[in-house]
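Letter by letter, the chains look like this.
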Amino acid sequence: MELIQDTADLSAYLAADEVIDHHHPVVRATAARLAEEVADSYAYAQAAYEFVRDTVPHSADTDDPRVTWRASDVLALRTGICHAKAHALAALLRAEDIPTALCYQRLTHDDGGHVLHGLVAVRFRGAWHRQDPRGNKPGVDARFSLDGERLAWVPDPASDEKDHPVLYAAPHPAVVGALKAARDRPHLWRTLPGGL
């Protein structure tokens, strides 16, 4: 699949906004701590990925009803669904000047319908590389990789699942709207968009 930037301006993939608030002290402190332990930007990207994947539990896995959406809140509260975790990872990467996009997959939901799954893409070696910080569990073994994707899921076209090829500089408004409006995670599960 060919990944498509939603803007040709690479600096847009370094920008901060209300959701990817990488100037927030919590994000800056986390980024600084991770950066101290690595030798270069590649190692930093992997360290940030593993930090979000492994130390911020997916709220469905822990049955946490809280809904987070702003990167700094995800890092402070240590909980979130895939979209929230993608926002946190994007903020940590952008905090260290690594261009990062938000991207999406349409997957089958537990109720049989479809739901958008959130992940990121990082720009290294002149190309974009998708990464899924959702968090591993039995049946899910996502890993940081610049040499072939190691995502949580591969969409099944027979089930009307698909990868969306667009690399967004900002989180999709439909996703942010659902996250902000959700009273709790069960409510969010019923209101997350099923596609773009």
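Structure's up top.
Residues numbered from 1 in each chain as written. Predicted model: local features only at pLDDT ≥ 70, side-chain atom pairs only at ≥ 80, totals over all residues. Heavy atoms only, no water.

**Q** Help me understand the side chain of Gln131 in this model?
**A** When you line up the elements, Gln131 lands in strand β4 (residues 127-131). What makes Gln131 buried here is its relative accessible area of 1%. A polar atom in the side chain of Gln131 sits 2.7 Å from the backbone oxygen of Ser145. (Helix = DSSP H or I, 4+ residues; strand = E, 2+ residues; numbered from the N terminus. Buried < 20%, exposed > 50% of the residue type's maximum accessible area, 1.4 Å probe, protein only. Polar contact = N/O pair within 3.5 Å; in protein donor to acceptor, adjacent residues only side chain to side chain.)

**Q** Just checking my understanding: could you explain helix α2 (residues 41-55) for this structure?
**A** Along an α-helix, residues three or four positions apart point the same way, because every turn accommodates 3.6 residues. Its 15 residues give α2 an end-to-end C-alpha distance of 20 Å, which sits within 8% of 21 Å, the value for a rise of 1.5 Å per residue. The inward-facing, buried residues of α2 abut α1 (25-36), α4 (71-77), α5 (82-95), β3 (114-124) and β4. The opening residue of α2, the one whose side-chain oxygen lies 3.2 Å from the backbone nitrogen of Tyr42, is Asp40. (Expected span 1.5 Å × (residues − 1). Contact = heavy atoms within 4.5 Å.)

**Q** Help me understand the packing of α2 against α5 in this model?
**A** Between two packed helices, both the angle of their axes relative to each other and the distance between the axes serve to describe the pair. Packing of α2 against α5 leaves a shortest axis separation of 10 Å and a crossing angle of 155 degrees. Taken together, the axes of α2 and α5 are roughly antiparallel relative to one another. Helix-helix and strand crossings are classified by hand; for α2 and α5 the assignment is right-handed. Note on element contacts: α5 touches α2 through Lys85, Ala88, Leu89, Leu92 and Leu93, opposite Tyr44, Ala45, Ala48, Tyr49, Phe51, Val52 and Arg53. When grouped by side-chain class, the residues that make up the contact of α2 with α5 number ten nonpolar, no polar and two charged. (Axes fitted to C-alpha atoms, helices over the stretch in contact; angles between N-to-C directions. Parallel < 35°, antiparallel > 145°, perpendicular 65-115°, else oblique. Left-handed = near helix turned anticlockwise from the far one by under 90°. Nonpolar A, V, L, I, M, F, W, Y, C, P; charged D, E, K, R; others polar.)

**Q** I'm lost on the sheet that holds strand β5 (residues 162-163) in this one. Help?
**A** Paired through backbone hydrogen bonds, the strands of a sheet run either parallel or antiparallel to each other. Judged by pairing direction, the sheet is antiparallel, and its four strands sit side by side in the order β4-β3-β2-β5 without closing on themselves. Looking along the sheet, the strands with just one partner apiece sit at the ends: β4 and β5. Relative to β3, strand β2 (residues 100-108) runs antiparallel, the two being bridged by nine bridges. Along β3, the bridge assignment pairs Arg106 with Leu116. Along the sheet, α5 contacts β2 and β3; its crossing angle with β3, the most-contacted strand, is approximately 15 degrees. (Pairing = 2+ DSSP bridges.)

**Q** Got a minute to help me understand the packing of aromatic side chains in this structure?
**A** The geometry of two aromatic rings is summed up by the distance between their centres and the angle between their planes. Counted under the stated rule, the structure contains four aromatic pairs. Across the ring face of Trp69, the terminal group of Lys180 is positioned such that the distance to the ring centre comes to 4.9 Å. Over the aromatic face of Trp189 sits the side chain of Arg185, whose NZ or CZ is 5.6 Å from the ring centroid. (Phe/Tyr/Trp six-rings, centres within 6.5 Å; stacked < 30°, edge-to-face > 60°. Lys NZ or Arg CZ within 6 Å of the ring centre and 35° of its normal.)

**Q** What's the story with unusual backbone geometry in this structure? I'm lost.
**A** Glycine aside, a negative phi is what most residues show, and trans is what most peptide bonds show. Of note, the phi angle at Asp63 is positive, near 55 degrees, even though the residue is not glycine. Within the fold, Asp63 resides in the loop between α3 (59-62) and α4. Relative accessible area serves as the criterion here: at 60%, Asp63 is assigned to the exposed category. Although it is not a glycine, Arg78 adopts a positive phi angle of roughly 55 degrees. Among the secondary structure elements, Arg78 is positioned in the loop between α4 and α5. What makes Arg78 partly exposed here is its relative accessible area of 34%.

**Q** Is there a simple way to think about the nonpolar core in this case?
**A** The tendency in soluble globular proteins is for nonpolar side chains to be buried side by side. Judged by nonpolar contacts, the single largest core of 47 residues is most densely connected at Tyr44, Leu92, Leu93 and Leu102. Every element with two or more residues in this core is listed here: α1, α2, α4, α5, β2, β3 and α6 (173-181). Here the element with the most residues in this core is α5; it accounts for nine residues. Excluding its chain neighbours within four sequence positions, the residues that come into contact with Leu92 are Val27, Thr30, Ala31, Leu34, Tyr44, Ala48, Phe51, Val52 and Leu75. (Core = buried A, V, L, I, M, F, W, Y, C linked by side-chain atoms within 4.5 Å.)

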